[in-house]
Amino acid sequence: SAVISQKPSRDICQRGTSLTIQCQVDSQVTMMFWYRQQPGQSLTLIATANQGSEATYESGFVIDKFPISRPNLTFSTLTVSNMSPEDSSIYLCSGIVQGSYGYTFGSGTRLTVV
Amino acid sequence: SQQGEEDPQALSIQEGENATMNCSYKTSINNLQWYRQNSGRGLVHLILIRSNEREKHSGRLRVTLDTSKKSSSLLITASRAADTASYFCATDKDSGGSNYKLTFGKGTLLTVNP
């Protein structure tokens with residue numbers, strides 16, 4: 001089965017700064033997604049990362065705050081910009097691997113903004 | 001709004017007992033999936049059941065789906081302490097075409113006491 005390497009695994013950041021999270025897949029994925037999971041909550045979809053074009057954002061999420069890149073079929077980044085304490089969450093990437101059932105997830109990035 | 005709603009929100013059992021978690025959803029779906037998450041880490045795909053299936057087994061896991069009631073259940077038999085985790089159901093809506101976006105329920109926190 002595919003493996004998605006996500007980093008960093010955790011970070012503590014100052015408010016007003018930005019953090020870029022990376023996900024690298026060891027095989028090609030047809031689609032990649034970014035989720036946010038606030039403390040004790042479920043996962044909320046931020047956006048679908050499209051290869052070579054702008055990501056598709058869900059209601060409540062905007063590109064200026066969460067710019068996403070996906071230059072090829074195996075790599076994507078999510079930046080959390082101008083952070084505030086409300087951005088403290090776990091951020092997860094996921095992908096659909098060709099020929100497999102279910103979605104593969106990265107191990108998550110636990111972000112704390114102080 | 002959340003597509004899936006799990007109950008109970010938390011479940012505590014003794015090792016060796018069975019654990020049953022339920023999930024309800026609101027719209028027509030293509031499939032329903034169950035995931036496991038350990039301590040805020042990445043999600044692990046457990047099982048997928050398609051909308052035309054009623055029951056599926058995988059090892060100690062048994063999943064049922066009732067599309068008339070828009071509900072699913074996950075049964076873990078002969079539970080072990082290592083099964084302690086949060087369990088989420090996730091659905092992708094049947095929008096008449098390819099829709100790979102998953103909507104997650106709120107999750108059930110299962111604690112298996114040794």
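The following paragraphs examine the structure supplied in this document. These figures come from a predicted structure and were not determined experimentally.

1. Description of the overall build of chain B
Reasoning step 1: When you go through chain B residue by residue, the secondary structure sums to zero helices and 11 strands.
Reasoning step 2: Helices (α) and strands (β) of chain B occur, in sequence order from the N terminus, as β-β-β-β-β-β-β-β-β-β-β.
Reasoning step 3: Computed over its C-alpha atoms, the radius of gyration of chain B comes to 14 Å, within 12% of the 13 Å expected for a compact globule of 114 residues.
Reasoning step 4: Dimensions of chain B, computed from C-alpha atoms along their principal axes, come out at roughly 45 × 25 × 20 Å.
Reasoning step 5: Burial statistics for chain B: of 114 residues in total, 42% are counted as buried.
Reasoning step 6: When contacts within chain B are restricted to residue pairs at least 6 apart in sequence, long-range pairs at least 24 apart make up 57% of them.

2. Quick look at the interface of chain A and chain B
Reasoning step 1: The partner chain B presents 19 residues to the 22 residues of chain A that form the contact.
Reasoning step 2: Across the interface of chain A and chain B, roughly 1,600 Å² is buried in total on both sides, 55% from carbon and sulfur atoms.
Reasoning step 3: Across the salt bridge formed by Glu58(A) and Lys101(B), the nearest N and O atoms sit 3.0 Å from each other.
Reasoning step 4: Our count for the contact surface shared by chain A and chain B stands at five residue pairs in polar contact (both at pLDDT 80 or more).
Reasoning step 5: Among the elements of the structure, β4 (29-37), β5 (43-49) and β9 (89-97) of chain A are those that each provide at least two residues to the side of chain A that touches chain B.
Reasoning step 6: No other element matches β4(A), which puts four residues into the side of chain A that touches chain B.
Reasoning step 7: A per-class count over the side of chain A that touches chain B returns 11 nonpolar, nine polar and two charged.

3. Let's talk about the state of the cysteines
One covalent bond between the sulfur atoms of two cysteine residues makes up a disulfide.
All names here are of chain A.
Reasoning step 1: Under the criterion given, the structure shown has two disulfides over all chains.
Reasoning step 2: Each disulfide pairs two cysteine sulfurs, and for Cys23 the partner residue is Cys93, the sulfurs being separated by 1.8 Å. One quick way to see it: the torsion about the S-S bond of Cys23 and Cys93 is about -90 degrees, and its sign makes the bridge left-handed. Taken together, the positions of Cys23 in strand β3 (residues 19-25) and Cys93 in strand β9 put the pair 70 residues apart, joining distant regions of the chain.
Reasoning step 3: Under the relative-accessibility criterion, Cys93 is labelled buried at 0%.

4. A closer look at the sheet that holds strand β1 (residues 5-7) of chain B
All names here are of chain B.
Reasoning step 1: Taken together, the five strands give an open sheet; going across it, the order is β1-β3-β8-β7-β6, and neighbouring strands pair in antiparallel fashion. The strands lining the two open edges of the sheet, one partner per strand, are β1 and β6 (55-58). Ignoring strand direction, the axes of neighbouring strands in this sheet form an average angle of 15 degrees.

5. Re the pattern of salt bridges
Note on pairing: side chains with opposite charge can pair once their charged atoms come close.
Residue and element names in this part refer to chain B.
Reasoning step 1: Per the stated rule, a full pass over the model turns up six salt bridges over all chains.
Reasoning step 2: Here Glu53 ties to Lys56 by a salt bridge, and the two come within 3.8 Å at their closest N and O atoms.
Reasoning step 3: By relative accessible area, Glu53 is classed as partly exposed at 24%.

Calculation criteria
Residues numbered from 1 in each chain as written. Chains lettered and ligands numbered in written order. Predicted model: local features only at pLDDT ≥ 70, side-chain atom pairs only at ≥ 80, totals over all residues. Heavy atoms only, no water. Helix = DSSP H or I, 4+ residues; strand = E, 2+ residues; numbered from the N terminus. Rg over C-alpha atoms; globule rule 2.2 N^0.38 Å. Buried < 20%, exposed > 50% of the residue type's maximum accessible area, 1.4 Å probe, protein only. Contact = heavy atoms within 4.5 Å. Buried area = accessible area lost by both parts, 1.4 Å probe. Salt bridge = Lys/Arg side-chain N within 4 Å of Asp/Glu carboxyl O. Polar contact = N/O pair within 3.5 Å; in protein donor to acceptor, adjacent residues only side chain to side chain. Nonpolar A, V, L, I, M, F, W, Y, C, P; charged D, E, K, R; others polar. Disulfide = S-S within 2.5 Å. Pairing = 2+ DSSP bridges. Axes fitted to C-alpha atoms, helices over the stretch in contact; angles between N-to-C directions.

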